[in-house]
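# Structural overview for review
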Amino acid sequence: MPLLAVRRPQAMASRAVSVFLCCFLFFFTFPYASSSSIGAESVVRESFPMDGDVAWVVQISDLHLSAYHPDRASDLVRLLAPALRVIRPALLLITGDITDAKNKRRTATRQDLSEWIQYKNSMEAVVNHSGLDKRIIFDIRGNHDKYGVPHVGHPLDFFSVHSVSAQLGRLSTIQSISLVGNDRRYVFIGIDDTISIGIRGPSNFFGHPTDGRAAAVESELQYWDIYPNNLVTKVIFGHYPMSFTASTKNGQRYENLFAKYVVSSYICGHLHAKISRQLWRFHSSKSPSDVKVPKMSRSFWEWELGDWKESRLIRILAIDRGVVSFLDIDFLRKFEVEDVFQTTILITYPVDSRMMNVEHNNHSLRNDINALVFSTQKIINVTAKVFDSSRNYKIVEEVPLQLIDIASNKPLFCGRWNAENYWSASATRYILQVSALDSQGKETRSNLRPFSVEGKQAPYRSTLLAYLIFEVEWESLYSVLLWSNICFLLVLLFLPKVLNCHIENYASYQSISLWIQQRKSLFVVYQVLMEGSRNRVAWFSMLIYLIYLLKLPWFWGYATSENGDIASMYLSGWRVPSPDGQEKLGTPDIMLITLPFLYLVVTPMFVLIYSLFAERSAFCSHLQGKSKCQNEPMSSHIESEQLSQLVALVPSNYQNLSPTCKIYRGWKRRFLQLGCLVVALIHCKVVIYQHLCLTLMLAYGFLPVLLSPALSWAPLLLLVGAYMCSTSVDMES
């Protein structure tokens, strides 16, 4: 009987369908895990007096102080301290990743006591050199500060001992700081969303809020709603961007809370300036029809700050009568003279129209221009210039600004103008720039910024990379990418089996074959699927391996510390021993492991195994057809057509080969050999830089990962086994 004449009994078809249904139910019934909720959490409240209606704070993020890079700590004293002495902020916010927590080769993550002592000593020096009150410094954890920390209060939890917040007794995961003026209050709420059990990298990348923490944040936001919205401005600070913050166990997300309670902005770090120095995102949600609050008031801005680690960036964020603006300062680019803070100008009003978060009907017209001028020199003249972009950037007005309070030494300059002169349908028509002249005769100019006196928002355009990283919700995208790959593998396994079982008569097979044969590329795919799936040993090996990946541990390793308990990683997350049993966590953080492995190793491996056996089948068909042609005529015209289809798949240099030849002589076989080699190299971490087998051995322990069959050596065994089986031709069969 010819190879492609597939005839299966009805029982075989029923059995295949039953296997498929059982496997489908088996695959999709395992639970997804997330960080557990631990009940309501406490909030630490502190308040500081505010002089007037304008206040400003400084944010710094991702310090990554390292025992192997002491310059990061020394630059805090050399660059940051002089800047703080001039800026004199109301608060200093440090938004996570205080230490690097990596070894010299950056192959493993662990807490290093020397880095925390380095941080503690550096902040003491910053306080002494800048003259800041230590109480206005608030620091929170980042994922690096939780690497290898089994739980809060563990001996490896150095943040709870050496951080500024710990020294001042602020051990809550939520800190609420209010700047109180005569009429207005500016509230800053800090949230620590690091994972409850500090899994080591690369499985610790997302923020993990709990239902209890979300409830505490909502309660705190409600607490400040006793004041009118126009008198309270709320700013949230944390480490993780919203795109890399998971949902709570009950599916709640911060975006809904922040928009609901009229948060002005959320400032964070985590992503570093290498990705982009301008990661901004405008979150908006429509108000229900029965809510009186205007639609656009249910919105907030998210602004990520680049890192101190390599870029030496800080941010000055100012609030002027409820309007928020900011300026990022790059110490490496801006300052030409070492250890000397250069004059810096931050316009606090009118705000940049690209950062507006109020709509026209909720916006009050103001006839003032305000700017903060920070300088080590005495400022003798400050002028605001208005440019009209529709008239080739012609200067349409110059407004002198005066220091509003000489006695308080507050660097706020104010000027008056007629704002009605700048009504425009465009939010970017008018451009504002402020220049300052110091006593040394040096003139400093601010950045050009568009403004809209009507409160119109200018469109913000981000790059494709910034959009993918900062605006895509990666928790949801991970589910899509994961299950689309799993569904593809299921289809790859079961579709050819179902087709083989249901093509029971020659007529249906012939009609399908003739239709597919007219489309050569489709015919090759069809041939690979049908012939590649007929080797029962290989097919069942792939099925068992896929079931293993879905239901059983991928590997074991030291998840929390080098000398800690052995934990196991499943597709649903890590299962880490805890006093209450095993805790499931680490989703979607494990996407940095699962997606590269599934897309770069497992899927190509399945396709290659099919291709190897399909190529072997085509060659066998050629040899069988040649042998039959020499001994007896074809039984029918149909068999002749089928064999001609198979012969067409065989390389031309096979036509004159003897039955004892080697299959690997053809270019197709060499191409498949190269594919197997590439997959093996990717799996062993020769091609890909991170997150595959060798990197995981270095990260979680060489021996436990090496002894994990699903991850370490099963893919290689499957590839080698399929290759060896497909290189031999059994002529008798």
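Residues numbered from 1 in each chain as written. Predicted model: local features only at pLDDT ≥ 70, side-chain atom pairs only at ≥ 80, totals over all residues. Heavy atoms only, no water.

Another aspect to go through is the overall build of the protein. When helices and strands are counted, the protein shows 19 helices and 24 strands. In the protein, buried positions account for 55% of the 733 residues. Of all intrachain contacts in the protein linking residues separated by at least 6 positions in sequence, the fraction that spans at least 24 positions is 75%. As displayed, the protein offers around 31,500 Å² of accessible surface, 57% of which is attributable to carbon and sulfur atoms. (Helix = DSSP H or I, 4+ residues; strand = E, 2+ residues; numbered from the N terminus. Buried < 20%, exposed > 50% of the residue type's maximum accessible area, 1.4 Å probe, protein only. Contact = heavy atoms within 4.5 Å. Areas by Shrake-Rupley, 256 points an atom, 1.4 Å probe, with all protein chains shown as cover.)

Helix length check: helix α6 (residues 211–223), at 13 residues, gives a terminal C-alpha distance of 18 Å against a target of 18 Å (1.5 Å per residue), a fit within 8%. Buried within α6 we find D211, G212, R213, A214, A216, V217, E218, E220 and L221. (Expected span 1.5 Å × (residues − 1).)

Before going further, it helps to examine the sheet that holds strand β10 (residues 299–304). One key point about sheets: their strands pair by backbone hydrogen bonds, in either a parallel or an antiparallel sense. Pairing is mixed in the open sheet, where seven strands are placed in the order β1-β5-β6-β7-β8-β10-β9. Here the strands that pair on one side only, and so sit at the sheet edges, are β1 (43–49) and β9 (279–284). In this sheet, adjacent strand axes meet at a mean angle of 20 degrees when their direction is disregarded. Looking at chain direction, β1 and strand β5 (residues 174–180) are connected through seven bridges and run parallel. Within β5, the position partnered with P49 by the bridge is V180. Along the sheet, helix α9 (residues 464–471) contacts β9 and β10; its crossing angle with β9, the most-contacted strand, is approximately 55 degrees. (Pairing = 2+ DSSP bridges. Axes fitted to C-alpha atoms, helices over the stretch in contact; angles between N-to-C directions.)

This part takes up the packing of aromatic side chains. Following the criterion strictly, the structure yields 29 aromatic pairs and no others. Judged by centre distance (6.1 Å) and plane angle (70 degrees), the ring pair of Y422 and F451 falls under edge-to-face. Remark: F451 occurs in strand β20 (residues 449–451) and Y422 occurs in the loop between β17 (412–416) and β18 (430–438); sequence separation between them is 29 residues. The burial state of Y422 is the same as that of F451; both residues are buried. Judged by centre distance (4.9 Å) and plane angle (90 degrees), the ring pair of W539 and F540 falls under edge-to-face. By relative accessible area, F540 is classed as partly exposed at 43%. (Phe/Tyr/Trp six-rings, centres within 6.5 Å; stacked < 30°, edge-to-face > 60°.)

Structurally, R315 can be placed in strand β11 (residues 313–320). As for R315 and L327, which are separated by 12 residues in sequence, their C-alpha atoms are 5.7 Å apart. Apart from residues lying up to four places away in sequence, R315 is in contact with V57, V58, Q59, I267, W303, E304, L305, F326, L327 and D328. Within polar-contact distance, the side chain of R315 engages the backbone oxygen of E304 at 3.0 Å. A polar side-chain atom of R315 sits 2.7 Å from a polar atom in the side chain of D328. (Polar contact = N/O pair within 3.5 Å; in protein donor to acceptor, adjacent residues only side chain to side chain.)

Before going further, it helps to spend a moment on the packing of helix α2 (residues 71–87) against helix α3 (residues 113–130). In a packed pair of helices, the relevant descriptors are the angle between the two axes and the axis-to-axis distance. At a closest axis distance of 8 Å, the pairing of α2 and α3 adopts a crossing angle of 25 degrees. Relative to α3, the element α2 is oriented roughly parallel. Two packed elements cross with a definite hand, and for α2 against α3 that hand is right-handed. Of the residues in α3, those touching α2 at A73, L76, V77, A81, L84 and R85 are Q118, S122, A125, V126, H129 and S130. Here the residues of the contact of α2 with α3 sort into seven nonpolar, four polar and one charged. (Parallel < 35°, antiparallel > 145°, perpendicular 65-115°, else oblique. Left-handed = near helix turned anticlockwise from the far one by under 90°. Nonpolar A, V, L, I, M, F, W, Y, C, P; charged D, E, K, R; others polar.)

Positionally, S172 belongs in the loop between α5 (164–167) and β5. Within the structure, S172 has its side chain in polar contact with the backbone oxygen of S42 (distance 2.5 Å). Dropping the residues within four chain positions of it, S172 is found in contact with S42, V43 and V44.

All right, on to the pattern of salt bridges then. By the definition in use, this model includes 28 salt bridges. In this structure, D225 and K234 form a salt bridge, with 2.5 Å as the shortest nitrogen-oxygen distance. Residue D225 is classed as partly exposed on the basis of its relative accessible area, which comes to 33%. The partner of K456 in a salt bridge is E454, with the nearest N and O atoms 3.8 Å apart. For K456, a relative accessible area of 27% gives the class partly exposed. (Salt bridge = Lys/Arg side-chain N within 4 Å of Asp/Glu carboxyl O.)

Our focus in this paragraph is the confidence of the model for the protein. Mean pLDDT over the protein: 82, with 79% of residues reaching 70 or higher. Mean pLDDT in the protein bottoms out at helix α15 (residues 637–649), which sits at 46, and peaks at strand β3 (residues 92–95), which reaches 97. Between residues 633–665, whose pLDDT stays under 50, and residues either more than four places distant or in other chains, the model counts 61 contacts. Contacts of residues 686–691 to residues separated by more than four positions or lying in other chains number 12 contacts, the stretch itself having pLDDT below 50. (pLDDT = per-residue confidence, 0-100.)

Residue placement: P228 occurs in the loop between α6 and β7 (232–238). What makes P228 partly exposed here is its relative accessible area of 42%. With 44 residues separating them along the chain, P228 and R184 place their C-alpha atoms 9.5 Å apart.

Pairing is mixed across the open sheet formed by five strands, whose spatial order is β4-β3-β2-β11-β12. Two strands in the sheet have a free side with no partner beyond their single neighbour: β4 (137–140) and β12 (323–330). Pairwise comparison of adjacent strand axes, ignoring direction, gives a mean angle of 20 degrees for this sheet. Two elements, β3 and β4, share four bridges in a ladder whose sense is parallel. Looking across to β4, one finds that L92 is bridged to I137.

Turning to the pairing of β17, a few remarks are in order. Examined bridge by bridge, strand β14 (residues 368–374) and β17 share five bridges and lie antiparallel to one another. Bridge pairing links D368 to R416 in β17. Two elements, strand β16 (residues 394–403) and β17, share two bridges in a ladder whose sense is antiparallel. Note that in β17 the partner of Q402 across the bridge is C414.

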